[in-house]
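The primary structure of each chain is shown beneath.
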There are 2 protein chains.
Amino acid sequence: MKTTETLEKIRAADREQCRLGKIGAALHWDMETYMPPEGVHERAEQLALLESLAHAKLTAPEMGRWLSELGSSWENPAGDESLAARDRDLLRAIRRAYDRAVKLPADFVSESAKARGLSQPAWAQARKDNDFAAFLPHLKIMIENARKTAQYWGFGSGGKTLYDGLIDIYEPGMTVATITPLFAVLRDRLSALVKEIGRREPPDASFFARDFPVEKQREFAGKLLEHIGFETGRGRLDSSAHPFATSLGPNDVRITTRYFADNFLSGVFSIIHESGHAMYEMGFPAELHGTSLAEAASMGIHESQSRLWENVVGRSLPFLEGFFPKMKAFFPEQFGGVGLPALYRAVNQVKPSLIRVDADEVSYGLHVILRFELEQALISGELAPEKLPAVWREKTKEYFGIDVDPAGPRSDADGVLQDIHWSMGAFGYFPSYVLGNLYGLHFWNKIRRDIPEVDAHIAAGDFSALKAWLGENVHAHGCRLEPAQLLEKATGEKLRTEPFLQYIEEKYKDM
Amino acid sequence: MKTTETLEKIRAADREQCRLGKIGAALHWDMETYMPPEGVHERAEQLALLESLAHAKLTAPEMGRWLSELGSSWENPAGDESLAARDRDLLRAIRRAYDRAVKLPADFVSESAKARGLSQPAWAQARKDNDFAAFLPHLKIMIENARKTAQYWGFGSGGKTLYDGLIDIYEPGMTVATITPLFAVLRDRLSALVKEIGRREPPDASFFARDFPVEKQREFAGKLLEHIGFETGRGRLDSSAHPFATSLGPNDVRITTRYFADNFLSGVFSIIHESGHAMYEMGFPAELHGTSLAEAASMGIHESQSRLWENVVGRSLPFLEGFFPKMKAFFPEQFGGVGLPALYRAVNQVKPSLIRVDADEVSYGLHVILRFELEQALISGELAPEKLPAVWREKTKEYFGIDVDPAGPRSDADGVLQDIHWSMGAFGYFPSYVLGNLYGLHFWNKIRRDIPEVDAHIAAGDFSALKAWLGENVHAHGCRLEPAQLLEKATGEKLRTEPFLQYIEEKYKDM
């Protein structure tokens, strides 16, 4: 009886906390899509208020008491074994968030928030000015605070590195020890492939730069959503400076893209990518809605969904076979004289560049591995932040074969300053992008075994079996399973690089 | 010292409560503009959570204690005379809201909310089915709860009627005793004018029903906003089923309109109307931002702003003189052969109809007065709700000269069931619409005295002096003054019908 009451209190607090998060997501979405520019100051205050209310709810002393009453502790987060499995999962999720929150001293939290508030605009300005030195003092503080955070959480001893503590934020259960050998293999084989492809004749992708009026692209986006079966009753597509997906509620998941008149591909594949994220968020089962369990298992699993849709499905021959006629019917002049083989080669063009977010499917991983290696060294203290730009250039040469002139006008802007993550103190996030590729190919291979005719489905524009598979095997778990458990349950496999490498080497062999 | 501390606590609680309100406004705006349909259930929960958090903040026991500590009570809401004027105004505003909230028993509040939740869909269905009897039981409960609410607040004795208590929600300080003689004069003279105009040859307004493609109207709306100087850095315009204006923050005020391909006028004048509301919300001074004082003085004062812009300015000859060339340049075919005098007559066409929201400037007031008389009688108990439809038809005949067939297919749908207000229990709101017209003409006459060349400004598309006047004399006060005080301070006058009646009779004399 007491147990039921306590559980009910925890559930109610969790519901409220989750709901405040969804409200915050709505305000964020609005900020990135429609908010008039001068609304930004009050919006920041509104978001801060929601966060503090949610934080207060999570870290209330009674929450700690209720968790203890049900046997949940740091060592045994899921609580009494007599509880139902879903309740134990919920306790585990809440305990994890609770401990992470209460183990950070209030002073440290507010000082970190202030430092981040200074760091982000300093980074934006430094990137604009190509001035790493101006960002360096902030970067040092971000590194130091990330280290302290991991320390407060008990990392940095007992075989757990500080960087493990940061990875664990985004990828529960993942460690440097697991990632390092995987990334080492990936790095060597992807780097070799990139260089090998670089020696080939590049495909003709010039037709994508023909004039695709933005208004027409916007209209065409509706056809794309329809083709892939994006549920417009439960979501919508808008434009923003950077594409993203966000959940405002179980039946309200929004994605954005951006349109360039001279880069038709960008808008299309952003939509497919973000739709992959959106379908995950839409796919949590009703019994988890409104709880802390209606969350992605990890950032990597999230990326596995978006990248599977964008690259493995969206850039495949069967997909283009089904979709190209629609593209051609809508843009007959722009695609005049273009055949399917040419289109396929063009959407899969490998062209190593300095910028991660513009990278193709093959070289993308190298950008991430470079950052993983650097941030690991920054957090461990092996690499002095002062040396970052030089080491960045060395690795760029090594992995991509690209020479960067240190005296060039964007030497650091297009290098060490290109990503926002470190300016926010988000160390440990980057590996998830590549882990997503790896998970995705494990899933894909299993999908091919379970649905042998999946290519034919995709060519016919029928994604129902594919979606059902992802729904049952990935989405339905919310965050009840850690990524490694989810992978094993869905595929019977442990994380390896081979599925991804075989896929990519096979795909690009004769491209 | 103690006083300063207590004041600071009240201010902080008030800031949080106001901010939660603005967050709710953002969610409402989204719900009416972009939200995917299936998001509605979770959105309702989000809004309910925000409301309950704001309510808890306002009615916390410590709030009562703090108010008392500063000498604020039911009898002396503004607290100690030693406090600064603005603090006293803030205490008055908070005390008003606090008392209204805490005087309602918790059981009653939750039962009322439940009853409203049932009443609204029942009304919507009843309107669809033209079935007053189906709505009647809900209407009775709404009336009873409105009566109880006023009773809990101490109305219904000591010379204050129950209906006074309801009017006071929307129009602080206003009473039935003040309104009744004003509305009696209005009713007779407006009714006479409507009937007199009805005997004239109607103007030709057929060109407004020419084809105005919605996409073109949407584009043209930008020109209209530019023409009237709507600050797009601090606000924006979207589409929704019903036009509205809402403030998401001091520098983020949004308006909506709707476009009909065969009714160009509707979109244009909705935009001007809602812009009038928006300018009020944008005009609260910085020192009141984020407090309970950054609110309209009343719904009537709010309407004075929207109606002044829509009718007195927007439908005037000088405004059309300045704006018609832009309309004509954008829609050359649609306005082919139309001259300014014809346009002026067309936008001011008087055409009594059954529907309030479609009403012209002259007959609009009659719709409101009809409702005022009926709801007053419903709340006092003089009129049995069963008799509403019949009495409604009698008054419709009397005021508009329109016969309604009680057996017609929309006899009640376009009659007693047309407005949403009563289904929400919002008795006492209607008078504000007409009070807005009255306040507006008091303001307008003073504006003409203070800015003799205002017509020339308007014709030249220069609204700066007009806006500055409204800003200084109306907007700058927030809700620090009650409507009657505000009117007196701005114009030196007490509320009368003459300014409005003279304006309207003069305008329509030779139309």
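Let me sum up the structure you'll find in this document. (Residues numbered from 1 in each chain as written. Chains lettered and ligands numbered in written order. Predicted model: local features only at pLDDT ≥ 70, side-chain atom pairs only at ≥ 80, totals over all residues. Heavy atoms only, no water.)

**Quick notes on the pattern of salt bridges**
Residue and element names in this part refer to chain B.
Link 1 in the chain: Within the structure shown, the criterion is met by 80 salt bridges over all chains.
Link 2 in the chain: Glutamate 69 is the salt-bridge partner of lysine 2, the closest N and O atoms lying 3.2 Å from each other. One end of the pair, lysine 2, is in helix H1 (residues 2–33); the other, glutamate 69, is in helix H3 (residues 61–69), with 67 residues separating them in the sequence.
Link 3 in the chain: Judged by relative accessible area, which is 52%, lysine 2 ranks as exposed.
Link 4 in the chain: Glutamate 69 gets classed as partly exposed once you look at its relative accessible area, which sits at 39%. (Salt bridge = Lys/Arg side-chain N within 4 Å of Asp/Glu carboxyl O. Helix = DSSP H or I, 4+ residues; strand = E, 2+ residues; numbered from the N terminus. Buried < 20%, exposed > 50% of the residue type's maximum accessible area, 1.4 Å probe, protein only.)

**Quick look at the packing of aromatic side chains**
Residue and element names in this part refer to chain B.
Link 1 in the chain: Enumeration according to the criterion identifies 65 aromatic pairs over all chains in this entry.
Link 2 in the chain: Arranged with centres 5.2 Å apart and planes meeting at 50°, the rings of phenylalanine 220 and phenylalanine 330 form a pair that is tilted. With phenylalanine 220 in helix H9 (residues 214–228) and phenylalanine 330 in helix H12 (residues 317–330), this pair connects stretches of sequence that are 110 residues apart. Comparing phenylalanine 220 with phenylalanine 330, the two get one shared label, buried.
Link 3 in the chain: Taking the centre distance of 5.4 Å and the plane angle of 50° together, the rings of tyrosine 429 and tyrosine 433 count as tilted. Accessibility classification places tyrosine 429 together with tyrosine 433 in one group, the buried group.
Link 4 in the chain: Seen from the ring of phenylalanine 269, arginine 315 lies directly overhead, with NZ or CZ sitting 3.9 Å from the centre. (Phe/Tyr/Trp six-rings, centres within 6.5 Å; stacked < 30°, edge-to-face > 60°. Lys NZ or Arg CZ within 6 Å of the ring centre and 35° of its normal.)

**Considering the pairing of strand E1 (residues 235–239) of chain A**
All names here are of chain A.
Link 1 in the chain: Of all 5 residues that make up E1, 4 are buried, and the element is covered over most of its length.
Link 2 in the chain: Strand direction decides the pairing type here: E1 and strand E3 (residues 252–257), joined by 5 bridges, are parallel. For aspartate 238, the partnering residue across the bridge sits in E3 and is threonine 256. (Pairing = 2+ DSSP bridges.)

**Some points on the sheet that holds strand E1 (residues 235–239) of chain B**
Residues and elements named next belong to chain B.
Link 1 in the chain: Spatially, 3 strands are ordered E1-E3-E2 in an open sheet, and the strand pairing comes out mixed. The sheet terminates laterally at E1 and strand E2 (245–249), the two strands that pair on one side only. Strand-to-strand twist in this sheet, taken as the mean axis angle between neighbours without regard to direction, amounts to 25°.
Link 2 in the chain: Lying on the sheet, H1 is in contact with E1, E2 and strand E3 (252–257); it crosses E2 at an angle near 135°. (Axes fitted to C-alpha atoms, helices over the stretch in contact; angles between N-to-C directions. Contact = heavy atoms within 4.5 Å.)

**Let's talk about the interface of chain A and chain B**
Link 1 in the chain: Facing the 33 residues of chain A at the interface are 33 residues of chain B.
Link 2 in the chain: Taken as a group, Arg19, Tyr34 and Pro36 of chain A account for 21% of the area that chain A buries against chain B, more than any other trio of residues on that side.
Link 3 in the chain: Here chain A and chain B share 8 salt bridges between them.
Link 4 in the chain: One salt bridge in this structure joins arginine 19 of chain A and glutamate 45 of chain B, with 3.7 Å as the shortest N-O distance.
Link 5 in the chain: In this assembly, chain A and chain B are joined by 12 residue pairs in polar contact (both at pLDDT 80 or more).
Link 6 in the chain: When contributions to the side of chain A that touches chain B are tallied by element, the ones reaching two or more residues are helix H1 (2–33), helix H2 (40–59), E1, strand E2 (245–249) and E3 of chain A.
Link 7 in the chain: Looking at the side of chain A that touches chain B residue by residue, the class counts come to 14 nonpolar, 7 polar and 12 charged. (Buried area = accessible area lost by both parts, 1.4 Å probe. Polar contact = N/O pair within 3.5 Å; in protein donor to acceptor, adjacent residues only side chain to side chain. Nonpolar A, V, L, I, M, F, W, Y, C, P; charged D, E, K, R; others polar.)

**Things to note about the relation of the copies chain A and chain B**
Link 1 in the chain: Rotating chain A by 180° and translating it 0.0 Å along the rotation axis places it on chain B, where the RMSD comes to 0.0 Å. Viewed as a symmetry operation, the transformation between the two copies matches a two-fold axis.
Link 2 in the chain: A high fraction, 100%, of the interface residues of chain A reappear at the interface in chain B, so the copies pair face to face through one surface. (Least-squares fit on C-alpha atoms with pLDDT ≥ 70 in both.)

**Comments concerning the packing of helix H6 (residues 132–152) of chain B against helix H14 (residues 364–380) of chain B**
Residue and element names in this part refer to chain B.
Link 1 in the chain: Two elements in contact, H6 and H14, have axes whose closest approach is 9 Å; the angle formed by their N-to-C orientations is 75°. Looking at the two axes, H6 sits roughly perpendicular to H14. Where H6 approaches H14, its residues Ile143, Ala146 and Arg147 are matched on the opposing element by Leu378, Ile379 and Ser380.
Link 2 in the chain: Each residue belonging to the contact of H6 with H14 can be placed in one class, and the counts come to 4 nonpolar, 1 polar and 1 charged. (Parallel < 35°, antiparallel > 145°, perpendicular 65-115°, else oblique.)

This is a description of form; function is not addressed.
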